[in-house]
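Coordinates in review
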Amino acid sequence: MIKFLNIISCFLIAILLFSYIQIDKNNFLNVEAINEFNIPDSLRAKPYKYIEEQLYKYDNFENRVTIYAKSYIKKGVIDKNSLEMAKGYFFLSSVSQDSLELIYLNHAINLLKAKTNKNYPAILYYSKGDYYYKRANYKDALDNYFISYRIAKKHHNNVLAYDSKFNIGSLKNRIGKHGEALKIFKEFNDYILSEESEYPKDYYSKLIGLFALSDSYTKLKKLDTATTINKKGIKISLSNNDNDMYHYFIMNEGVNLYHKKEYKNSIDSLKKAIPNLIKLEDKSNEIFSRFYLGKSLFAESKIEDANFQFRTADSLFKDFKDLFPEIRQGYKILINYYKENNNKEKQLLYLNRLITVDSTLSSNYLYINNKIVKDFDTANLILDKERLINDLSQSNSSKSRSIISLAIVLIIVFILLVLNYKKRKRDKIRFKQLVKKNNKEEKNYKPLKDKQSLAHLSEDIIEIIKTGLDKFESEEEYLTPNISINTLAKSINSNSKYLSVFINHYEQKKFTDYINDLRIEYSIEKLKNDHKFRKYTIKAIADTVGFSNPVSFSQAFYKKTGIKPSYFIKKLENEAKT
């Protein structure tokens, strides 16, 4: 068995190495690959605009687009034009697969840095949002759509701003904020129909707005309004021979008919829509449609057919980790069905699936722990799972071993509860200490008993550094990103060696910890006194106080305070409400 596992491990490592080699082989970021590429003679003297026009003209020909995009990048490198290079990598990302697409988008963003115009880097963040959205990573998708929206709005790129906001609305719809999503979709639809609209004057943009509106009205239980919009969408789709959008509206109406309790009509509509979703490889909407088809069949007492749809939706979920909160009901129906039929293997299988589903939902939908997981919370699911495992293995284990196993589980649960209680108690104490503590107390430099470390620093040098650091701290210069000991030493008329000795002696810490602690102390006071600041994301807070990423900020905050910043903010908000 061990030899078999070793063989499997080696095989998986080989696959990963092969994948890495393939990605590196196709990578057009390194200098060697760029230098080796020669711009075709037909494009060598052509301006950027001409190459861009050819890119859009032949956008269905991947090889040709790749040549044009690489030529665009090479021209940018030769001209030392970072904006044109970034545009080239954006074009190249559109014909790249998987992680390479994201790599090119990130590289394009890094190339621009502080340079912005009407389209860039907003369109790059928008494309990153699409990348994450297609892979059901809604947290990162939302972050990038927000950035895209803010930049596009600032530079009056109305189309990109509305597109970004539309996708934010789609994500809001997924996490249950249907009213907020509907407001966004109405604004989008009104803009599409207005004289000021910069969208193409065609039918497709109207259909996208109508589709989103009908979905929102269904979720808000305004079913007749949804039907009216679906009929309008179907009519426009048919008049323009758009078979795909026609079937999307049929799908929406099928779900709407389920909520109207017109189950037979719902079944007919959804059965009509699903083959087109399969053709388009739209697994997300296929999962959604099969769930509601299963619900309608179940309502018509066609239990076996309903269970087939729920099982098919589950098989899609295994390969494509995308789902909607209500879909967990399908797993509950399957569990109850197999429970009634005393099929413990299947019951355990779908209990495990439901635990996985709840974990996926929890990572993407913040509200589900309170609103959706009510009949089967995670703890109860795990207890049921343990009970079923115990039942299934009874034939191979004695009663005494089962009792011992149960006792061990109970002891572990008890220990975890005790540890969790102690942690919560400790966190509360630390929170109170932070709230009471005044981080703005005047600093008093007292030399330590061990003065040997300061032996080669004269009194004049020590005084210069003290004065410089006092000014540095009072003017909050530590909030500047990427500050180094060399830049700080230079700004206070000293050198890095003297400054390092001084900080190690008086602060009893390294330079990095000294800067991080100042930033954390600043963020604590800011969070305590500024309710608007408490509304920021952890990433936004980290950026504000000078950290390069939210992970570094959270680690520094925990190291300094012993609690996480999210906990500190939550407690502050709770106290503000009382």
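I will try to describe carefully the structure that is included in this document. It should be emphasised that the depicted structure is a prediction, and the values quoted were computed from it without experimental measurement.

1. Structural notes on the overall build of the protein
A tally of helices and strands in the protein yields 29 helices and zero strands. With 578 residues in all, the protein has 44% of them scored as buried. As displayed, the protein has an accessible area near 33300 Å², and 54% of this comes from carbon and sulfur atoms.

2. Topic: the packing of helix H23 (residues 459-474) against helix H25 (residues 496-506)
Packing of H23 against H25 brings their axes to within 11 Å, and their N-to-C directions diverge by 75°. If you check the angle between H23 and H25, you find them roughly perpendicular. Taking contact as the criterion, the partners of Ile461, Ile462, Ile465, Lys466 and Leu469 in H23 are, on H25, Tyr498, Leu499, Phe502, Ile503 and Tyr506. Taken together, the residues of the contact of H23 with H25 sort by class into nine nonpolar, no polar and one charged.

3. Some points on the pattern of salt bridges
Where side chains of opposite charge bring their charged atoms close, a pairing between them can arise. For the coordinates displayed, the defined rule picks out 19 salt bridges. Residue Arg534 pairs with Glu573 through a salt bridge whose shortest N-O separation is 2.6 Å. You can see Arg534 sitting in the loop between helix H26 (511-529) and helix H27 (538-544) and its partner Glu573 sitting in helix H29 (residues 565-577), a full 39 residues away along the chain. The pair Arg534 / Glu573 is uniform in exposure class, with both members buried. Here the salt bridges share partners, and the residues they tie into one network are Glu52, Glu84 and Lys87.

4. Quick word on helix H11 (residues 178-193)
End to end, H11 covers 22 Å across 16 residues, agreeing with the expected 22 Å (1.5 Å per residue, within 8%). Along H11, the positions that sit buried rather than exposed are His178, Ala181, Leu182, Ile184, Phe185, Phe188, Asn189, Tyr191 and Ile192. Buried residues in H11 make contact with helix H10 (158-174) and helix H12 (203-219).

5. Here we look at the packing of aromatic side chains
The tally for this structure, following the rule as stated, stands at 31 aromatic pairs. Considering the side-chain rings of Tyr131 and Tyr132, the 5.5 Å spacing of their centres and the 80° angle between planes classify their relative orientation as edge-to-face. Grouping residues by exposure puts Tyr131 and Tyr132 together as buried. What links up through ring pairs into an aromatic cluster is the set Tyr48, Tyr56, Tyr72, Phe90, Phe91 and Tyr120. Lying across the ring of Tyr131, Arg135 places its NZ or CZ 3.7 Å from the centre.

6. Structural notes on a negative patch on the surface
Together, Glu459, Asp460, Glu463 and Asp470 line one region of the surface with negative charge. Within the fold, Glu459 resides in helix H23.

7. A few points about the nonpolar core
Nonpolar side chains in soluble globular proteins tend to end up buried together. Ranked by internal contacts, the top residues of the largest apolar core, which has 54 residues, are Phe185, Phe249, Met251 and Tyr292. In terms of residue count, the dominant contributor to this core is helix H14 (residues 243-259) (eight residues). Counting 49 residues, the second largest nonpolar core, distinct from the first, contains Ala108, Leu112, Ile147 and Ile168.

8. With respect to empty space enclosed by the protein
Enumeration according to the criterion identifies two cavities of 30 Å³ or more in this entry. Computed from the structure, the largest cavity encloses a volume of approximately 50 Å³. Together, Phe291, Phe310, Ala313, Asp314, Ile327, Gly330, Tyr331 and Leu334 line the largest cavity. Put simply, the parts of the chain that give the lining of the largest cavity at least two residues each are helix H17 (303-319) and helix H18 (328-340). Residue composition of the lining of the largest cavity, grouped by class: six nonpolar, one polar and one charged. One number sums up the size of the second largest cavity: a volume of about 40 Å³. What lines the second largest cavity is Ser214, Asp215, Thr218, Asn252, Val255 and Phe288. Sorting the residues of the lining of the second largest cavity by element identifies H12 and H14 as the ones contributing at least two each.

9. Looking at a positive patch on the surface
Positive charge collects at one region of the surface, where Arg424, Lys428, Lys432 and Lys436 lie side by side. Classification of Arg424 by relative accessible area gives partly exposed; the value is 48%.

10. Looking at the side chain of His247
Tracing the chain through its elements places His247 in helix H14. Setting aside anything within four residues of it in sequence, one finds His247 in contact with Lys272, Ala273 and Asn276.

11. A word on the packing of H12 against helix H13 (residues 223-239)
Remark: H12 packs on H13, axes separated minimally by 8 Å, with the N-to-C direction vectors making an angle of 155°. In this view, H12 runs roughly antiparallel relative to H13, as classed from their interaxial angle. H12 and H13 meet at a crossing whose hand is left-handed. Residues Tyr203, Leu207, Leu210, Leu213, Ser214, Tyr217 and Thr218 of H12 touch H13, and the partners they reach there are Leu223, Thr225, Ala226, Ile229, Asn230, Lys232, Gly233, Ile236 and Ser237. Of the residues in the contact of H12 with H13, the class split is nine nonpolar, six polar and one charged.

12. Let's talk about unusual backbone geometry
The general pattern is negative phi for most residues beyond glycine and trans for most peptide bonds. Cis peptide bonds are those with omega within 30 degrees of zero, and the linkage from Tyr120 to Pro121 qualifies with 5°. Relative to the assigned elements, Pro121 resides in the loop between helix H7 (98-112) and helix H8 (122-134). Even without being glycine, Lys221 reaches a positive phi, approximately 65°. Looking at where Lys221 falls in the secondary structure, it is placed in the loop between H12 and H13. One non-glycine residue with positive phi stands out, namely Lys261, at about 65°. One can find Lys261 in the loop between H14 and helix H15 (263-280).

13. Here we look at a nonpolar patch on the surface
Residues Ile404, Ile408, Ile411, Ile412, Phe414, Ile415, Leu416 and Leu419 make up a contiguous nonpolar surface patch of about 790 Å² in total accessible area. Residue classification places Leu416 among the exposed residues on the basis of a relative accessible area of 52%.

Rules used in this analysis
Residues numbered from 1 in each chain as written. Predicted model: local features only at pLDDT ≥ 70, side-chain atom pairs only at ≥ 80, totals over all residues. Heavy atoms only, no water. Helix = DSSP H or I, 4+ residues; strand = E, 2+ residues; numbered from the N terminus. Buried < 20%, exposed > 50% of the residue type's maximum accessible area, 1.4 Å probe, protein only. Areas by Shrake-Rupley, 256 points an atom, 1.4 Å probe, with all protein chains shown as cover. Axes fitted to C-alpha atoms, helices over the stretch in contact; angles between N-to-C directions. Parallel < 35°, antiparallel > 145°, perpendicular 65-115°, else oblique. Contact = heavy atoms within 4.5 Å. Nonpolar A, V, L, I, M, F, W, Y, C, P; charged D, E, K, R; others polar. Salt bridge = Lys/Arg side-chain N within 4 Å of Asp/Glu carboxyl O. Expected span 1.5 Å × (residues − 1). Phe/Tyr/Trp six-rings, centres within 6.5 Å; stacked < 30°, edge-to-face > 60°. Lys NZ or Arg CZ within 6 Å of the ring centre and 35° of its normal. Patch = residues over 30% accessible without salt bridge, like charges linked within 9 Å, V, L, I, M, F, W, Y side chains within 5 Å. Lys, Arg positive; Asp, Glu negative; His and termini not counted. Charge placed at Lys NZ, Arg CZ, Asp CG, Glu CD. Core = buried A, V, L, I, M, F, W, Y, C linked by side-chain atoms within 4.5 Å. 1 Å grid on protein atoms, 1.4 Å probe; cavity = no way out; pocket = protein on both sides within 12 Å on 5 of 7 lines; lining within 4 Å. Points joined across faces, edges and corners; volume = space filled by probe spheres on them. Left-handed = near helix turned anticlockwise from the far one by under 90°.

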